[in-house]
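The chain contents come next:
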Amino acid sequence: HGRRRRSGLMIDPHADAVAALARLAEVYAAARVGLPSRRFVAAGLPVWDEECAAVWFESVQPWSGGLPGVQADQMTPGVMGAGGASGVLVVEVVRCSPQTARDDGTPPSASAETAAAGLVHRDCQLAWDAVMGATADGGRLFGTHGAVWLGWRTVGPMGGLVGSRSRFAVALGAGLRV
């Protein structure tokens with residue numbers, strides 16, 4: 001289940017998402033930055049009501065020389081393989097936010113806001129390191145096919161939580177080497 005045969009090549013987006021989540025945990029541990037303990041592969045946009053780290057594929061499609069949302073001139077020649085599939089991988093980390101007023105109605109301090117923003121911005125950097133570094137370090141995650149960063153944005157704040165969402169176009173079907 002979850003596998004499709006395309007031109008004799010097996011792809012398994014779920015296994016790739018699980019591997020990406022494991023890689024994310026490795027990168028956070030190496031950086032000595034706490035990753036929320038609730039970590040999972042989501043079937044789509046996750047619902048969150050507490051701190052969490054989620055990875056999911058927004059889309060997967062046959063690959064025929066390009067990646068979703070990426071122009072041919074943005075790709076590094078010789079990096080992408082022929083055939084297979086590509087997908088949009090999303091990495092989201094949600095944290096508690098000091099952006100709500102205290103019980104007495106006073107806002108959070110400027111230093112608390114700045115520290116929270118620094119952590120959310122660090123989440124962007126670490127998601128980049130996890131996915132793009134997986135390609136650069138000998139193809140541990142996405143083989144030699146590669147990945148392209150599509151962007152980052154904050155999500156929230158909502159209910160005292162704020163998040164970091166990064167999107168990557170990745171080539172699939174190369175087989176994982178984790």
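Remember, predicted model here, so these are calculated numbers, not experimental data. Positions within a chain are numbered from 1, following the residues in the order the chain's sequence is written. Given that this is a predicted model, residues contribute local features only at a pLDDT of at least 70 and side-chain atom pairs are listed and counted only at 80 or more, while totals for whole chains, interfaces and linings are drawn from all residues. The side-chain figures draw on all heavy atoms in the structure; neither hydrogens nor water molecules are used.

**Points about the overall build of the chain**
By definition, any uninterrupted DSSP run of H or I lasting at least four residues is a helix, any uninterrupted run of E lasting at least two residues is a strand, and each is numbered from the N terminus. Of regular secondary structure, the chain possesses 2 helices and 7 strands. Shown N-terminal to C-terminal, the secondary structure of the chain runs as helices and strands in the order β-β-α-β-β-β-α-β-β. With 178 residues in all, the chain has 45% of them scored as buried. When checking whether two residues touch, look at their non-hydrogen atoms; a contact exists if any pair is within 4.5 Å. Counting contacts in the chain only where the partners sit at least 6 residues apart, residues at least 24 apart contribute 67% of the total. All accessibility values rest on the Shrake-Rupley procedure with a 1.4 Å probe; residue burial counts only the protein chains present in the view. Carbon and sulfur atoms make up 54% of the accessible area of the chain, which amounts to about 9,100 Å² in all. Only protein chains enter the accessibility calculation, which uses a 1.4 Å probe; a residue whose area is less than 20% of its type maximum is buried, one above 50% is exposed, and one in between is partly exposed.

**Thoughts on the packing of aromatic side chains**
Note on aromatic contacts: the rings of Phe and Tyr and the six-membered ring of Trp form a pair at centre separations within 6.5 Å, being stacked when their planes are under 30 degrees apart, edge-to-face when over 60 apart, and tilted otherwise. Scanning the entire structure with this criterion turns up 1 aromatic pair. Ring geometry for Trp-128 against Trp-149: centres 5.5 Å apart, planes inclined by 90°, an arrangement best described as edge-to-face. Of the two residues, Trp-128 is situated in helix H2 (residues 110-136) and Trp-149 in strand S6 (residues 147-158); the sequence distance between them amounts to 21 residues. Overall, Trp-128 belongs to the partly exposed group, its relative accessible area being 37%.

**What about the pattern of salt bridges?**
By definition, a salt bridge exists where a carboxyl oxygen of Asp or Glu is found within 4 Å of a side-chain nitrogen of Lys or Arg. Scanning the entire structure with this criterion turns up 5 salt bridges. Among the salt bridges present, the one from Arg-38 reaches Glu-50, with a minimum N-O distance of 3.3 Å. Placement of the pair is Arg-38 in the loop between helix H1 (13-31) and strand S3 (39-41) and Glu-50 in the loop between S3 and strand S4 (52-62), with a sequence separation of 12 residues. With a relative accessible area of 39%, Glu-50 lands in the partly exposed category. Of the charged contacts in the structure, one is a salt bridge between Arg-95 and Asp-123, with a shortest N-O distance of 2.8 Å. Here Arg-95, found in strand S5 (residues 85-96), pairs with Asp-123, found in helix H2; they are 28 residues apart in sequence, far enough to count as distant. A relative accessible area of 7% places Arg-95 in the buried class.

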